[in-house]
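# Structural overview for review
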Amino acid sequence: MSELRELIKDKKRIVVKIGSSSLQHPETGDLDYNKMEVLVRELCNMINSGKEVVLVTSGAISVGKKAVHIKDKPEEVSVKQACAAIGQARLMMIYQKIFAEYNQVAAQVLLTKYTITNAVSRRNARNTFRELLSLGVIPIVNENDTISTFEIKFGDNDTLSAIVAALIDADLLILLSDIDGLYTDNPRTNPDAEFIEVVDELTEDIMNMGKSETGSNVGTGGMNTKLTAAKIATNAGADMIIANSSDIHILHRIMDGRNFGTLFKAHKDPNFYLPEFIEHMHEGE
């Protein structure tokens, strides 16, 4: 166990995903600036230590919804897209301001399913990421909800972050969530659920532990989407960690090789083809 965690220190290209519920005050739904500030500081410190970092962030629709005083979670696609258009600009403005305090340049990258499944777009996206990282810039990634109904209807940023990790050949994906990691059952409903520290291989039994429900009424991803993300990331050659975002400082503890969250070990599959996986991801739903 300790040796596996020690290896995390040597990871060079890291994707960090944070969800909507982790960025907001649960009482009001407004952005939690303290958590955002700690997140940015942690990421900048990673970069200062010689790492390459990509942030995949949720929150655009929620931020837009608050801006135009929509109380309930929007259901109509057109309302979601309008909220995304408003919220994405606001979210990036806040990130840019905080990153600037640490002399860090950030860039916005908005992706759709087409970006990955189309060969030319995929190559362009990969080249853009590599150029940004070589310049020391931190790409801030979200789905392009404003124009893409597919992402709003089916998408989640757990999967998106794993797709990004695969696209850029990252060697570590960290999913910051509202749960400590993977359990044998839902710990919110089953007090006997046992925590799993390391997943050596994504067996059928492990995949069946994913639940379709989510503990948050803000985000779109439950444990099921996190296990799908683990499948993509580990097949592409990246380790993945699910960790609790209640204290964002957990990032440097993870990078120090300490035992936090559930670690999914990479098993690079030479036959894994990302566009094909994405095309067939939602079959049978």
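Okay, so let's go over this structure. Fair warning: this is a prediction, and the values are worked out from it, not measured in the lab.

### With respect to the overall build of the chain
- A tally of helices and strands in the chain yields 13 helices and ten strands.
- Here the chain has a C-alpha radius of gyration of 18 Å; the compact-globule value for 285 residues is 19 Å, and the two agree.
- Considering only C-alpha atoms, the chain reaches an extent of 50 × 45 × 40 Å along its principal axes.
- When each of the 285 residues of the chain is scored for burial, the buried share is 53%.
- Look at the contacts in the chain between residues 6 or more apart in sequence, and 75% of them connect residues 24 or more apart.
- Accessible surface, the chain: about 13400 Å² in total, of which carbon and sulfur atoms supply 48%.

### Comments concerning the nonpolar core
- Counting residues in hydrophobic clusters, the biggest one holds 48 residues, and the most contacted among them are Val-15, Phe-129, Val-141, Val-164, Ile-168, Leu-182 and Met-240.
- If you look at the next biggest cluster of nonpolar residues, it comprises 38 residues, including Ile-8, Leu-39, Leu-55 and Met-255.

### Some details on the environment of Glu-101
- On the secondary structure map, Glu-101 appears in helix H5 (residues 77-101).
- Considering only alpha carbons, one finds Glu-101 and Val-15, 86 residues apart in sequence, at a separation of 21 Å.

### A look at unusual backbone geometry
- In this structure, His-69 is a non-glycine residue whose phi angle is positive, near 60 degrees.
- Its identity is not glycine, yet Asn-103 carries a phi of approximately 55 degrees, on the positive side.
- Examined against the element boundaries, Asn-103 turns out to sit in the loop between H5 and strand S3 (106-111).
- Given the relative accessible area of 73%, Asn-103 is considered exposed.

### Description of the pattern of salt bridges
- Scanning the model with the defined rule gives eleven salt bridges in all.
- The partner of Arg-41 in a salt bridge is Glu-37, with the nearest N and O atoms 2.7 Å apart. Separated by four residues within a single helix, Arg-41 and Glu-37 lie in helix H3 (residues 33-48), roughly one turn from each other.
- On the basis of relative accessible area, Glu-37 is assigned to the partly exposed category, the value being 23%.
- A salt bridge links Lys-113 to Glu-279; its shortest N-O distance comes to 3.7 Å. Residue Lys-113 is located in helix H6 (residues 113-117), and its partner Glu-279 is located in helix H13 (residues 274-279); the two are separated by 166 residues in the primary sequence.

### Let's talk about the side chain of Thr-57
- Position of Thr-57 among the secondary structure elements: in strand S2 (residues 52-57).
- Among the polar contacts listed, one links the side chain of Thr-57 to the side chain of Tyr-95, at a separation of 2.9 Å.
- Beyond its immediate chain neighbours, meaning those up to four positions away, Thr-57 contacts Ile-18, Leu-23, Leu-91, Tyr-95, Ile-140, Val-141, Asn-142 and Asn-157.

### Considering the packing of H3 against H5
- As a packed pair, H3 and H5 sit with axes 10 Å apart at the nearest point and diverge in direction by 55 degrees. Considering their axes alone, H3 and H5 lie oblique with respect to each other. Crossing of H3 against H5: the hand is right-handed. The segment H3 lies against H5, with Tyr-33, Met-36, Glu-37, Leu-39, Val-40, Leu-43 and Cys-44 engaging Leu-91, Ile-94, Tyr-95, Ile-98 and Phe-99.
- Considering only residue class, the contact of H3 with H5 consists of eleven nonpolar, no polar and one charged.

### Points about the packing of aromatic side chains
- Under the counting rule described, the total for this entry stands at three aromatic pairs.
- Between Phe-272 and Phe-277, the aromatic rings sit 5.6 Å apart at their centres with planes inclined by 55 degrees, giving tilted as the arrangement.
- The class of Phe-272 is buried, set by a relative accessible area of 18%.

### Digging into the sheet that holds strand S1 (residues 13-18)
- In spatial order, the strands read S3-S4-S2-S1-S5-S9-S10-S8; together these eight strands make up an open sheet with mixed pairing. Edge positions in the sheet fall to S3 and strand S8 (198-199), since each has one partner strand and no second.
- In this structure, S2 lies alongside strand S4 (residues 138-143), joined through two bridges in parallel fashion. Counterpart to Val-56 in the pairing with S4 is Val-141.
- Against the sheet, helix H11 (residues 223-236) contacts strand S5 (172-177), strand S9 (239-244) and strand S10 (262-264), and its axis sits at roughly 155 degrees relative to S9.

Rules of the game
Residues numbered from 1 in each chain as written. Predicted model: local features only at pLDDT ≥ 70, side-chain atom pairs only at ≥ 80, totals over all residues. Heavy atoms only, no water. Helix = DSSP H or I, 4+ residues; strand = E, 2+ residues; numbered from the N terminus. Rg over C-alpha atoms; globule rule 2.2 N^0.38 Å. Buried < 20%, exposed > 50% of the residue type's maximum accessible area, 1.4 Å probe, protein only. Contact = heavy atoms within 4.5 Å. Areas by Shrake-Rupley, 256 points an atom, 1.4 Å probe, with all protein chains shown as cover. Core = buried A, V, L, I, M, F, W, Y, C linked by side-chain atoms within 4.5 Å. Salt bridge = Lys/Arg side-chain N within 4 Å of Asp/Glu carboxyl O. Polar contact = N/O pair within 3.5 Å; in protein donor to acceptor, adjacent residues only side chain to side chain. Axes fitted to C-alpha atoms, helices over the stretch in contact; angles between N-to-C directions. Parallel < 35°, antiparallel > 145°, perpendicular 65-115°, else oblique. Left-handed = near helix turned anticlockwise from the far one by under 90°. Nonpolar A, V, L, I, M, F, W, Y, C, P; charged D, E, K, R; others polar. Phe/Tyr/Trp six-rings, centres within 6.5 Å; stacked < 30°, edge-to-face > 60°. Pairing = 2+ DSSP bridges.

Interpretation note: all reported values are geometric properties and have no functional meaning in isolation.
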